[in-house]
Amino acid sequence: MANIEAHNRGAKRPASSEGNTSMPATTMLNRRTLIAGATALPLVAINRRPAHAAEFSYKFANNLASTHPLVARATAAATRVKEATSGRVEITVFPNSQLGSDTDTLSQLRSGAVEFFTLSGLILSTLVPVAAINGIGFAFKDYDQVWAAMDGKLGALVRAEIAKRGLYAFEKQWDNGYRQITSSTKPIRTPDDLKGFKIRVPVSPLWTGMFTAFGSSPTSINFNEVYSALQTKIVDGQENPLAIIDTGKLYEVQKYLSVTNHMWDGFWFLANRRALEALPAADRIVVEREFNQAALDERKDVVALNDTLRASLTTKGLEFVSTDPAAFRSALKIAGFYSEWRGKFGAEAWNTLEAAVGSLA
Ligand code: X2X
């Protein structure tokens, strides 16, 4: 069952990219014949490329279900880019890890097989260590702090490091959200409940380190394997924002949702630098403008979803459990989590984070 489900999901054509696909060849031929045959047309019209013949056909890969706002906003941005570039730049959205797991897709992005990719900074940290810094447990009190930091100095510091590794991060980060812990076996109410808990974490040293600090037994699994890992009980729980628990249908294979808000996570919109630099300067400006705008729109969508998802996920069978986040935070502190990661990130990055969120000591 798990494999069939995973297979079907992987094989599904992205409904969201239908608007992006090129015209059928026959249509192209007819149009071309028509233009070539229309001798009365002014020369400039004959020389102009037909609007549907994209000069740059780029792929945008992501790991989310096509119902997640990130996919909808990116698809809308791709449509605007196509219009604003008279069809020169066509970006096709591939949701649902259709082009591979996050780990695979990061390699494809670096090689240029994929031109655009949204990736959590924490997973990107396998290449750019400081990109994990926003994932420090309980760092951001609220979204005002998140965006002041990520649109400000902390985001600039991370983007500069990403650039050093040959990738380009668009200015505006997309929201993934505040993460909550789900479980199929027992409700997580206190830090002690996490001891020995078999939990899936994304592939990232910070995630593994954090749940090790809680005394859990974390397993690194890419998101495209999470549903079946939960269903087959390879792990008992996982942690993700409400929007993903809903759009990824994780409520089908989990019973409890503990509201911990233990970490804020966002997606960098990453580009293969050669692909981006191949675009005419004006087209590149359009692409960056539209996808940055889409990020701002998506941030609002995720916040709006948070207001309604508690009720709808309860209807879908998840039992919500409230927790005392201060107790979880102090468990991390006692385990030495903050001092360890301060050492790893270094004083400059850590001070930049603390300038935005206050002292974490
Ligand atoms: O893998 C996850 O859990 C997800 C979807 O939240 C990320 O991309 C980090």
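Refer to the structure presented above.
Residues numbered from 1 in each chain as written. Predicted model: local features only at pLDDT ≥ 70, side-chain atom pairs only at ≥ 80, totals over all residues. Heavy atoms only, no water.

Some remarks on the overall build of the protein
Consideration 1: Counting its regular elements, the protein contains 16 helices and 12 strands.
Consideration 2: A total of 361 residues make up the protein; the buried ones form 52% of that total.
Consideration 3: Residue pairs in contact within the protein that sit at least 24 positions apart in sequence constitute 75% of those at least 6 positions apart.
Consideration 4: Of the roughly 15,400 Å² of accessible surface on the protein, a fraction of 55% belongs to carbon and sulfur atoms. (Helix = DSSP H or I, 4+ residues; strand = E, 2+ residues; numbered from the N terminus. Buried < 20%, exposed > 50% of the residue type's maximum accessible area, 1.4 Å probe, protein only. Contact = heavy atoms within 4.5 Å. Areas by Shrake-Rupley, 256 points an atom, 1.4 Å probe, with all protein chains shown as cover.)

Examining the nonpolar core
Consideration 1: Leu124, Ile136 and Phe140 are the most contacted members of the largest nonpolar core, which totals 58 residues.
Consideration 2: It is helix H7 (residues 143–150) that provides the largest number of residues to this core, a total of five residues. (Core = buried A, V, L, I, M, F, W, Y, C linked by side-chain atoms within 4.5 Å.)

Some remarks on the environment of Ala271
Consideration 1: Following the sequence through the fold, Ala271 ends up in strand E11 (residues 264–272).
Consideration 2: We classify Ala271 as buried; its relative accessible area is 0%.
Consideration 3: Between the alpha carbons of Ala271 and Ala169 there is a distance of 6.4 Å; along the sequence they are 102 residues apart.
Consideration 4: Look past the residues within four positions of Ala271 in its chain and what remains in contact with it is Leu109, Glu115, Phe116, Leu167, Tyr168, Phe170 and Leu276.

Brief notes about the site of the ligand
Consideration 1: Around the ligand, a shell composed of 14 residues is seen, among which Asn63, Asn176, Arg179, Arg200 and Asn240 lie nearest.
Consideration 2: Measuring from an oxygen atom of the ligand, one finds a side-chain N or O atom of Asn63 at 2.7 Å.
Consideration 3: The side chain of Asn176 places a nitrogen or oxygen atom 3.0 Å from an oxygen atom of the ligand.
Consideration 4: For the shell around the ligand, the per-class residue count stands at six nonpolar, four polar and four charged.
Consideration 5: Among the domains, domain 1 (29–176 + 266–307) and domain 2 (180–262 + 314–357) are the pair contributing at least three residues each to the shell around the ligand. (Near = heavy atom within 4 Å. Polar contact = N/O pair within 3.5 Å; in protein donor to acceptor, adjacent residues only side chain to side chain. Nonpolar A, V, L, I, M, F, W, Y, C, P; charged D, E, K, R; others polar. Domains from an automatic or database assignment.)

Comments concerning the pairing of strand E1 (residues 56–61)
Consideration 1: Bridging between E1 and strand E2 (residues 89–94) involves six bridges; their strand directions are parallel. Paired with Ala61 across the strands is Phe94, a residue of E2.
Consideration 2: Read from E1 through helix H4 (residues 69–84) to E2, the crossover connection turns out right-handed.
Consideration 3: By the bridge criterion, two bridges tie E1 to strand E3 (residues 116–120) in an arrangement that is parallel. Following the sheet pairing, Phe60 is matched in E3 by Phe116. (Pairing = 2+ DSSP bridges. Right-handed = clockwise from strand over helix to strand, strands pointing away.)

A few points about the environment of His68
Consideration 1: Take His68: it is sitting in the loop between E1 and H4.
Consideration 2: Measuring from C-alpha to C-alpha, the distance between His68 and Glu298 comes to 9.4 Å, with 230 residues separating the pair along the chain.

Some thoughts on the packing of aromatic side chains
Consideration 1: Enumeration over the complete set of coordinates arrives at 20 aromatic pairs.
Consideration 2: Seen in terms of ring centroids, Phe60 and Phe269 are 4.9 Å apart; in terms of plane orientation they differ by 40°. Their pairing is tilted. Of the two residues, Phe60 sits in strand E1 while Phe269 sits in strand E11, which places them 209 residues apart along the sequence.
Consideration 3: The interplanar angle of 75° and the centroid separation of 6.0 Å between the aromatic rings of Phe214 and Phe328 together place this pair among those described as edge-to-face. (Phe/Tyr/Trp six-rings, centres within 6.5 Å; stacked < 30°, edge-to-face > 60°.)

Some points on unusual backbone geometry
Consideration 1: In this structure, Lys233 takes a positive phi of about 65° despite not being glycine.
Consideration 2: Tracing the chain through its elements places Lys233 in the loop between helix H10 (226–231) and strand E9 (237–240).
Consideration 3: The class for Lys233 is partly exposed, based on a relative accessible area of 44%.
Consideration 4: With phi around 45°, Asn261 is a residue other than glycine that occupies positive phi space.
Consideration 5: Position of Asn261 among the secondary structure elements: in the loop between strand E10 (256–259) and E11.

Comments concerning the pattern of salt bridges
Consideration 1: Taken as a whole and assessed by the stated rule, the structure comprises 16 salt bridges.
Consideration 2: A salt bridge links Arg284 to Glu288; its shortest N-O distance comes to 2.8 Å. Taken together, the residues span about one helical turn, with Arg284 and Glu288 both in helix H13 (residues 281–315) at a distance of four residues.
Consideration 3: Looking at Glu288, the relative accessible area reads 14%, which means it is buried.
Consideration 4: The salt bridge partner of Arg289 is Glu290, with a shortest N-O separation of 2.9 Å. (Salt bridge = Lys/Arg side-chain N within 4 Å of Asp/Glu carboxyl O.)

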